[in-house]
Amino acid sequence: MAAYALLRSMSSSFSSVLPLLSRSGSLSPAPLAVKTLFRRTLASSSRFSAALKFTDKHEWVRVEDDGIGTVGISNFAQEALGDVVYCGLPEVGTQLAQQDEFGALESVKAASELYSPLTGEVVEVNSLLADKPGLVNKSCYKDGWLMKMTIAKPAELDSLMDEAAYERYIRSIED
Amino acid sequence: MLQLRRTLALLKGETGNQLARTGSSLPFLDSANNSSGLVLQSQSTDVYQNLALEDWIDAHVDLQQRGILLLWRNQPAVVIGRHQNPWSECNLPAMRKMGIALARRRSGGGTVFHDHGNLNLTFFASKKAYDRKRNLKVVTEALRRLRPNLDVRATDRFDILLNGHYKISGTASRLSRKSSYHHCTLLHSADRSALSTVLRPSCPGILSNATPSVPSPVANLIDHAPSLAWEELLEALVQQYNTEFGLSSVFTLVDPSSECVFPGVGNISTELRSWDWTFGRTPKFRVETLLELRDEHLPARCSAQLQMEVKGGQVESCRLDVPAGWLPLWLSRQLSDVLVGERFCPHRAAAAVTAMLRAEKGQFHSRLNNLCEAVLAMMG
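Residues numbered from 1 in each chain as written. Chains lettered and ligands numbered in written order. Predicted model: local features only at pLDDT ≥ 70, side-chain atom pairs only at ≥ 80, totals over all residues. Heavy atoms only, no water.

A. Focus on the pairing of strand β15 (residues 302-311) of chain B. Residues and elements named next belong to chain B. Note: strand β14 (residues 285-293) against β15, nine bridges, orientation antiparallel. Across the sheet, the residue bridging to L293 is C302, located in β15. With seven bridges connecting them, β15 and strand β16 (residues 314-321) associate as antiparallel partners. In the sheet register, K311 faces β16, and the bridge partner there is Q314. (Pairing = 2+ DSSP bridges. Helix = DSSP H or I, 4+ residues; strand = E, 2+ residues; numbered from the N terminus.)

Here it is in C-alpha cells:
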C-alpha cells in the first residue's frame, strides 16, 4: 500500500517507478571491514577479488582483477528456475543503472527478469549460452556467467550481500 | 468519474470506510482484506493495450497480500513469446493481408492466435503464491461445472486438452521483482481457419536458437458444447476463481488506455507496438535457403543459394550464390551489400534495392529484378 502512495506523488514515467519501488530497505550494508579491504583489493592483491557479492534478487557479481564485474545468478535462483531454455541477454554497450532490467531467462517455469546488480556498461555477454543455455543450471558460478560489465559506482558493491549474508537471507525467505 | 475513482480505490485495496468518505458506496467491498479478491475485465480489444495493462499491474500493484484475475480478449492478433522468431512462427504476409496484428509479449512460451472467440485469463500473484496448476484448476473446474460431460484436463506442460487431444488453452508466465503473472488462452469460438492460416512460417530455412512453439491440434469449446455462451463462461470462471482461492471478489471493468487509472501505461503500449520490440528483439538467426530463379528466355529454371545472418531484426551479413551464367558475380555481390544493414523486412529491402534496379538498365535488369523479388518474398 505504501508503494502505491509513493507512486501517486511521482511522475507517470514507467521507467522511473521501478527502481524506486524496490530500493526501500531491500539491500543490506556490508560490514566496515569488508569495505576497507575492498578499496585495497582493487589496487593490489587479487586475494579477495574472487569473492562474490549478492543481490536480493539472487544475482551475483564478482569483481575481476581488471575491475570488471562478472554477473550471474545464484544456485538458489537456478534451482528455482528449473532448466533454462533461453538466455535473453543485453547488447554489448548497453548502459545499466543498478536494478535496471537487463534481460530474462526463460525456463519451463516462466520468463524471469534479470536485474543489474550495479551501475555500469555491458562489455561482454556469454556467447556459450546461445547454444548451451543449460550452463546456467550446471555451472551458475563459473561457465554459466551471464554478462560482464564496468563498475561505474564501486560504492554500490558495499550495499550488496557477501556470501554469508546471502546464505542467511536465503534461509530467511525459505521459512 | 465514479468508475474511475472506484477502479483507483480497488487497486489501492482501500476499505469500505475510506470510500464512504469519498462519496462512493461499494457495500460489497470486504473490510477484512485477506478474503477480498479483485477481478478485472478489460474494455479494450487492442492487444498492445492489454499486454501493457498486464505489465502495469505487475509493476505497480502490491500483489503480496492478494492476487488479481484479469479477463481480456483481442481483435485478431498473433502473439509470440518473449524469445521467439516471428518469421518462423507466423505467416506475416497473410497477416498483413488479413489485417491481423503481431505482438510479442513479455512472458515466455509459444505462439498463439487471439480473436474475439478467445478468452485470455491473467492470474497475478506474489512470487510465493505463483501456482499455475492451481490457476488452471480454476478453468477446468469451471468448465466441468458448466458442462459435466466435458473431458478437460491440464497437462504437464500446462496446456488444457479437450478429450485428451485438442488443445483449448496454452499457458505462459513472467516472474519479475516481487510478483508474477500467469496467463492462458481459452478457445471458446475462435476462427480456426484464420488460426491455421496464420500459424505457419513466413520464411523457409531459418536456423535459430529462439524458443520454438509446439504445434497442437486445437478445438473450440463450442464445437463440443454448442450452447455454451460467452457470458456464461466468464461468470463460471469468476465464480470458480472465488471458490478456489476462498475469496469474495470485487468485479470491475477497466479501460487499459486510461492514464488516470494507470499512469504510464501509454509508454508501455508504445514500446510493445514498436518494431524494435516486436521484430528487433528476435534472437539472432540464420537463413539458408534456395531461391527459385526464372527467366522467360530460358526454358530451364535454376536456383540461387542465399545465406543471411539477422541480428536485432537487421541483416548482418548476406551471401548470394547465383549461377555464374545467370547473373554476373559483381551484381549479386552488389545486391548482398545493399541488403546488409537493412531491416529484415520486405518493405525496407524493396526501398533499398530500388535505386540499384533503376541503375541497372542493361541486359540483366529483368533477371536482377527476379532475384530481388525472390529475396523480398523470402523475407515475409
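B. Looking closely at the UniProt feature "domain: BPL/LPL catalytic" (unreviewed entry) in chain B. Summarizing the sequence annotation, UniProt attributes the feature "domain: BPL/LPL catalytic" (unreviewed entry) to residues 63-249 of chain B in the numbering used throughout. With 28% helix and 28% strand, residues 63-249 of chain B has its two end C-alpha atoms placed 15 Å apart. (UniProt positions renumbered as here; feature names shortened; annotations may be inferred.)

C. Broad picture of the UniProt feature "modified residue: N6-lipoyllysine" (unreviewed entry) in chain A. Per the UniProt record, the feature "modified residue: N6-lipoyllysine" (unreviewed entry) sits at K109(A). Look past the residues within four positions of K109(A) in its chain and what remains in contact with it is A80(A), L81(A), Y130(B), R132(B), S173(B) and L175(B). Only 3.3 Å separates the side chain of K109(A) from the backbone oxygen of A80(A), close enough to count as a polar contact. (Contact = heavy atoms within 4.5 Å. Polar contact = N/O pair within 3.5 Å; in protein donor to acceptor, adjacent residues only side chain to side chain.)

D. Highlighting the sheet that holds strand β9 (residues 166-169) of chain B. Residues and elements named next belong to chain B. Spatially, three strands are ordered β7-β8-β9 in an open sheet, and the strand pairing comes out antiparallel. In this open sheet, the two edge strands, each paired with only one partner strand, are β7 (152-154) and β9. When strand polarity is set aside, the average angle formed by the axes of neighbouring strands in this sheet is 35°. Summarising the sheet, strand β8 (residues 160-162) and β9 pair through three bridges and their orientation is antiparallel. Residue pairing in the sheet places L162 in a bridge with Y166 of β9. The strands touched by helix α6 (residues 132-146) are β7, β8 and β9; relative to β7, the strand with the most contacts, the crossing angle is about 170°. (Axes fitted to C-alpha atoms, helices over the stretch in contact; angles between N-to-C directions.)

E. Broad picture of the interface of chain B and chain A. Contacts between the two partners involve 30 residues from chain B, matched on the other side by 31 residues from chain A. For the pair chain B and chain A, the summed buried surface comes to about 2800 Å²; carbon and sulfur atoms form 53% of the total. Of all residues in chain B, K12(B), H60(B) and R177(B) give up the largest surface area on contact with chain A, accounting jointly for 27% of the area buried on that side. The interface formed by chain B and chain A holds four salt bridges in total. Across the pair E113(A) and R174(B) runs a salt bridge whose closest N-O atoms are separated by 2.6 Å. On the surface where chain B and chain A come into contact, there are 16 residue pairs in polar contact (both at pLDDT 80 or more). Secondary-structure elements contributing two or more residues to the side of chain B that touches chain A are α1 (2-12), α3 (47-60), β10 (171-175) and α10 (265-273) of chain B. Of the residues in the side of chain B that touches chain A, the class split is ten nonpolar, eleven polar and nine charged. (Buried area = accessible area lost by both parts, 1.4 Å probe. Salt bridge = Lys/Arg side-chain N within 4 Å of Asp/Glu carboxyl O. Nonpolar A, V, L, I, M, F, W, Y, C, P; charged D, E, K, R; others polar.)

F. Just helix α9 (residues 230-245) of chain B, in detail. Taking 1.5 Å of rise per residue, the 16 residues of α9(B) would be expected to cover 22 Å, and the 23 Å separating its terminal C-alpha atoms lies within 8% of that figure. Along its buried surface, α9(B) packs onto β1 (38-42), β2 (68-72), β6 (118-126), α6, β11 (179-187) and α8 (221-224) of chain B. (Expected span 1.5 Å × (residues − 1).)

G. Structural view of the pairing of strand β8 (residues 120-125) of chain A. Residue and element names in this part refer to chain A. Of the pairings in the sheet, the one linking strand β5 (residues 95-96) to β8 comprises two bridges and is antiparallel in character. Among the inter-strand pairings, Q95 is bridged to a residue of β8, identified as E121. Examined bridge by bridge, β8 and strand β9 (residues 147-149) share three bridges and lie antiparallel to one another. Paired with E124 across the two strands is K148, which belongs to β9.

H. A look at the sheet that holds β16(B). Residues and elements named next belong to chain B. Strand order in the open sheet formed by four strands is β12-β14-β15-β16, with antiparallel pairing between adjacent strands. Looking at the sheet topology across the chains shown, the edges are occupied by β12 (206-208) and β16. Averaged over all adjacent pairs, the angle separating strand axes in this sheet is 15°, with direction ignored. Strand direction decides the pairing type here: β12 and β14, joined by three bridges, are antiparallel. Paired with S208 across the two strands is F285, which belongs to β14. On top of the sheet, helix α12 (residues 329-339) reaches β15 and β16; it is set at about 170° to β16, its chief contact. Sitting on the sheet, helix α14 (residues 365-378) touches β14, β15 and β16, and the angle it makes with β14 is about 140°.

I. Structural context of the domain arrangement of chain B. All names here are of chain B. Once the domains are mapped, chain B shows domain 1 (2-278) and domain 2 (285-378). Centre-to-centre, using C-alpha coordinates, domain 1 lies 42 Å away from domain 2. At the interface, twelve residues of domain 1 touch twelve residues of domain 2. Where domain 1 abuts domain 2, roughly 1000 Å² becomes buried across the two surfaces, and 62% of that area is made up of carbon and sulfur atoms. Per-residue buried area on domain 1 facing domain 2 is highest for W87, L207 and W275; these three make up 51% of the total on that side. Remark: the boundary between domain 1 and domain 2 carries two residue pairs in polar contact (both at pLDDT 80 or more). Among the elements of the structure, β12 and α11 (275-278) are those that each provide at least two residues to the side of domain 1 that touches domain 2. (Domains from an automatic or database assignment.)

J. Representation of the nonpolar core in the model. Residue and element names in this part refer to chain B. Core analysis: the largest hydrophobic core is formed by 50 residues, its most contacted members being V78, M308, L339, F344, L371, M378 and M379. In terms of residue count, the dominant contributor to this core is α14 (seven residues). A domain split of this core shows at least three residues from each of domain 1 (2-278) and domain 2 (285-378). Sequence-distant contacts of M378, that is, excluding residues within four places in its chain, are made with S202, C203, P204, V287, T289, L291, L306, M308 and F344. L119, F123, V138 and F158 belong to the second largest nonpolar core, which has 32 residues in total. (Core = buried A, V, L, I, M, F, W, Y, C linked by side-chain atoms within 4.5 Å. Buried < 20%, exposed > 50% of the residue type's maximum accessible area, 1.4 Å probe, protein only.)

K. Geometry of the packing of aromatic side chains. According to the stated counting rule, one finds 13 aromatic pairs over all chains in the structure shown. When the centroid spacing of 5.0 Å and the interplanar angle of 85° are considered together, the rings of W87(B) and F344(B) count as edge-to-face. Taken together, the positions of W87(B) in helix α4 (residues 86-89) and F344(B) in the loop between α12 and α13 (346-359) put the pair 257 residues apart, joining distant regions of the chain. The same class applies to W87(B) and to F344(B), which are both buried. Here the aromatic residues F54(A), W60(A), Y141(A), Y166(A) and Y169(A) are joined through ring pairs into a cluster of three or more. Sitting above the plane of the W277(B) ring, R106(B) keeps its charged end 4.7 Å from the centroid. (Phe/Tyr/Trp six-rings, centres within 6.5 Å; stacked < 30°, edge-to-face > 60°. Lys NZ or Arg CZ within 6 Å of the ring centre and 35° of its normal.)

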